[in-house]
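# Geometric and topological summary
Listed below, chain by chain, are the residues.
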Amino acid sequence: MKAERISEHIWSLKTWMIVPIHVWVVVDEDGVTLVDAGMPMMAKAIKKFIKQLNAGPLKRILLTHGHSDHVGAVKAIVAENEVPVYAHRVEIPYLEGELLYPKRKKLEYNLPKQLTQPLLEDQFGNLRIVDGLTPYLTPGHSPGHVVYYHEQDKVLLAGDLFNSKKGKLHPPMFTPFMDEAIQSSAIVKELKPKRLEVCHGSTVFNPAEQLEGYVQKTEKKFGGD
């Protein structure tokens, strides 16, 4: 697994399984937050990296969504570190196997019931900041997909909202409602991050500059669906 410091507070950890798989370690004053948990085989290396980083204990795991390639190391990590795991409340019944992920054939029991807690919301339904990371609901790839924006570092951890190749935005794979994903991509125009990170791909710098072209190409390719 390759570790790369991508900003003052954020490290990217990457492995390969046909495509790259990234998770992110975010350092704050009270310790470490892990964003996504990749595949089961990544658990040992993630735990080792956090220990060697010596930036404080692991405090929590935040999930962009509940697909198996984003939650694979969760159980092994929480077995040693009793930390809370968070996802959007809409996503939880899908990752626990109560509801069928859209356009999939089988229920997915990706995490045990009651392990995952809902991200906190204010009285208006806005997701609350978690140690420097602001979550935003961005459905399309999954019903409760979220991205996390680190305001201080100007980095957007975008999960599977996009794919990317050679620094260019590409549509996410295996996305049941691409029209929703395209609508969700507008968060990039709103936030204007300096750096966008995806699970399966490379860094995209100043992604807002690409967004209009990305939307046009993706709508043409997928016919607005």
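Described below are features of the structure shown in this document. (Residues numbered from 1 in each chain as written. Predicted model: local features only at pLDDT ≥ 70, side-chain atom pairs only at ≥ 80, totals over all residues. Heavy atoms only, no water.)

## Some thoughts on the packing of aromatic side chains
For the record, the criterion: To pair, rings of Phe, Tyr and Trp, with the six-membered ring standing in for Trp, must have centres within 6.5 Å; the planes then decide the type, stacked if under 30 degrees apart, edge-to-face if over 60, and tilted in the middle. For the purposes of this entry, the term helix denotes a DSSP run of H or I that reaches at least four residues, the term strand denotes a run of E that reaches at least two, and both are numbered from the N terminus. Think of it as a cone above the ring: NZ of Lys or CZ of Arg counts as a charge over the ring if it is within 6 Å of the ring centre and within 35 degrees of the ring normal.
Counting across every chain of the model gives 3 aromatic pairs. Ring geometry for W11 against F49: centres 5.4 Å apart, planes inclined by 65°, an arrangement best described as edge-to-face. Of this pair, W11 sits in strand β2 (residues 10-17) while F49 sits in helix α1 (residues 43-53), and the two are 38 residues apart along the sequence. The lysine or arginine in question, R104, covers the ring of Y101, its NZ or CZ lying 5.7 Å from the ring centre.

## Observations regarding the pattern of salt bridges
Quick reminder of the rule: What counts as a salt bridge is simple: a side-chain nitrogen of Lys or Arg found within 4 Å of a carboxyl oxygen of Asp or Glu. Burial classes: relative accessible area under 20% of the type maximum marks a residue as buried, over 50% as exposed, and values in between as partly exposed (1.4 Å probe, protein chains only).
Counted under the stated rule, the structure contains 9 salt bridges. Measuring nitrogen to oxygen at the nearest pair gives 3.6 Å for the salt bridge that ties R60 to D30. Of the two residues, R60 is situated in strand β5 (residues 58-62) and D30 in the loop between β3 (19-28) and β4 (31-35); the sequence distance between them amounts to 30 residues. Overall, D30 belongs to the partly exposed group, its relative accessible area being 34%. In this structure, the salt-bridge partner of E80 is K47, at a minimum N-O distance of 2.9 Å. With a gap of 33 residues between them, E80 in helix α3 (residues 74-80) and K47 in helix α1 connect regions that are remote in the sequence.

## What about the nonpolar core?
One broad rule of soluble globular proteins: the nonpolar side chains tend to lie buried together. Rules: Residues grouped as a nonpolar core are buried Ala, Val, Leu, Ile, Met, Phe, Trp, Tyr and Cys residues, joined through side-chain atoms within 4.5 Å. The contact criterion used throughout is that any non-hydrogen atoms of two residues lie within 4.5 Å.
Formed by 32 residues in total, the largest nonpolar core has its most connected members in V25, L34, I46, I61, L63 and V74. Secondary-structure elements contributing two or more residues to this core are β2, β3, β4, α1, β5, α3, β6 (85-87) and α4 (92-95). Residue contacts for V25: discarding those within four places in its chain leaves H9, I10, W11, L13, V32, T33, L34, F49, I50 and L53.

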